[in-house]
Amino acid sequence: MVNNSQHPYIKDGWFREINDKSFPGQAFTMTVDSILYEARSEFQDILIFRNKVYGTVLVLDGIVQCTEFDEFAYQEMITHIAMFAHSNPKRVLIIGGGDGGVLREVAKHSCVEDITMVEIDSSVIELSRKFLPTLSNGAFDDERLDLKLCDGLKFLQDIGASDVHKKFDVIITDSSDPEGPAEAFFQERYFELLKDALNPNGVVIMQSSENFWLNLKYLHDLKNTAKKVFPNTEYCYTMVPTYTSGQLGLIVCSNNANIPLNIAQRKISEQEQGKLKYYNPQIHSSAFVLPTWADKVINE
Ligand code: SAM
């Protein structure tokens, strides 16, 4: 176990995810068996370490992004809820997602013809490919991929200003949390840009960065911000033990009010299902069913 790290998030061999703004008064901790990488990139603080339960752990600005042990619960749900809520997604945009997990999941869909991924920090991609190779599992070499290294907000602003670009069927915002380079993704202007970039029956999904145990009012407000732009806006969730409280919300939207986002619009083949560990059509629907107290606030 690491005992003498100078890293601000590690004390006495324990990594501590302390976030006084979003999660005051509590913290998730894991032992650090060894540090694989620690440095600051142009955009954020990056830490990668090994833990005996969760395997390799990627941390950005002190917040856990993914671990080898439970990453599929996040990557599969944020990807396949949107991909199956659409009847035939051909063009997909991923904003963020530098670890490659969402790209890996999108690439499993044979109906997809092209994937654009916009990641601000090339070092997250390089380090994830080196230390967490199962996350992308070769998907960065997929010939359908057009990888752009720039700010996702600026990318959307630029394509909005151009009249030649084709629109997307599914847009997945797999960003880090609002503090830092992803701050703009949780605001109304961002949802407007997503709407402009979407085909009429398109579906967008984003991680909400918070959970209903500790941030109920925030989730109510975020859902309503999205709803000002998209007539069809829903909240659903996935369960990931290394995200605070083990529960993480996803906001799903479409311009088309008649698409039931809580129902898979395509039949999943046996072959497709065989590649998945968490997602199935039943959990797609049940992810939208909330406990009574949370439902009253988030969906009021
Ligand atoms: N699953 C994760 C979570 O919710 O904790 C998100 C993982 S992924 C590593 C987040 C990525 O978003 C990072 O690689 C980060 O560099 C990228 N990102 C943050 N702000 C961005 C921006 N403005 N434009 C594009 N990518 C951004």
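It should be emphasised that the depicted structure is a prediction, and the values quoted were computed from it without experimental measurement.

Draft legend 1. Quick peek at the sheet that holds strand S9 (residues 114-119). Ordered by their spatial adjacency, 7 strands build an open sheet running S10-S9-S8-S11-S12-S14-S13, and the pairing between neighbours is mixed. Of all strands in the sheet, those bounded by a partner on one side alone are strand S10 (145-149) and strand S13 (232-239). Taking the axes of each pair of neighbouring strands and ignoring which way they run, one obtains an average angle of 15 degrees across the sheet. Bridge count for strand S12 (residues 198-207) against strand S14 (residues 247-254) is 5 bridges, and the pairing is antiparallel. Its bridge partner lying in S14, Val204 is registered against Cys253.

Draft legend 2. Local environment of the domain arrangement of the protein. Splitting the protein by domain gives domain 1 (10-67) and domain 2 (71-298). When each unit is reduced to the centre of its C-alpha atoms, the spacing between domain 1 and domain 2 is 23 Å. At the interface, 22 residues of domain 1 touch 24 residues of domain 2. Of all elements in the fold, only strand S4 (34-40), strand S5 (45-51), strand S6 (55-60) and strand S7 (63-67) reach the threshold of two or more residues within the side of domain 1 that touches domain 2.

Draft legend 3. How the structure looks around the site of the ligand. By nearness alone, 23 residues border the ligand, and Gly96, Gly98, Ile120, Gly152 and Pro181 come closest of all. Tallied by class, residues from the shell around the ligand come to 10 nonpolar, 8 polar and 5 charged.

Draft legend 4. Region of the structure containing the packing of helix H5 (residues 152-161) against helix H6 (residues 188-196). Contact geometry of H5 with H6 gives a least axis separation of 9 Å together with a crossing angle of 50 degrees. One finds that H5 runs oblique with respect to H6. As H5 runs across H6, the sense of the crossing is left-handed. Across the interface between the two elements, Leu153, Leu156, Gln157 and Gly160 from H5 touch Tyr190, Leu193, Leu194 and Asp196 from H6. Per-class residue counts for the contact of H5 with H6 are 5 nonpolar, 2 polar and 1 charged.

Draft legend 5. Structural context of the nonpolar core. Of all hydrophobic cores here, the largest spans 83 residues; its most connected members are Ile81, Ile94, Ile171, Ile205, Leu250 and Val252. Ranked by the residues each element gives to this core, the list is headed by helix H1 (residues 71-85), at 10 residues. There are two domains that each give this core at least three residues, and those are domain 1 (10-67) and domain 2 (71-298). Those residues in contact with Ile205, other than ones at most four positions away along the chain, are Ile78, Ile81, Ala82, Ile172, Leu250, Ile251 and Val252.

Rules used in this analysis
- Residues numbered from 1 in each chain as written.
- Predicted model: local features only at pLDDT ≥ 70, side-chain atom pairs only at ≥ 80, totals over all residues.
- Pairing = 2+ DSSP bridges.
- Helix = DSSP H or I, 4+ residues; strand = E, 2+ residues; numbered from the N terminus.
- Axes fitted to C-alpha atoms, helices over the stretch in contact; angles between N-to-C directions.
- Domains from an automatic or database assignment.
- Contact = placed C-beta atoms within 7 Å.
- Near = placed C-beta within 6 Å.
- Nonpolar A, V, L, I, M, F, W, Y, C, P; charged D, E, K, R; others polar.
- Parallel < 35°, antiparallel > 145°, perpendicular 65-115°, else oblique.
- Left-handed = near helix turned anticlockwise from the far one by under 90°.
- Core = buried A, V, L, I, M, F, W, Y, C linked by C-beta atoms within 7 Å.
- Buried ≥ 20, exposed ≤ 12 C-beta atoms within 10 Å, placed from the backbone.

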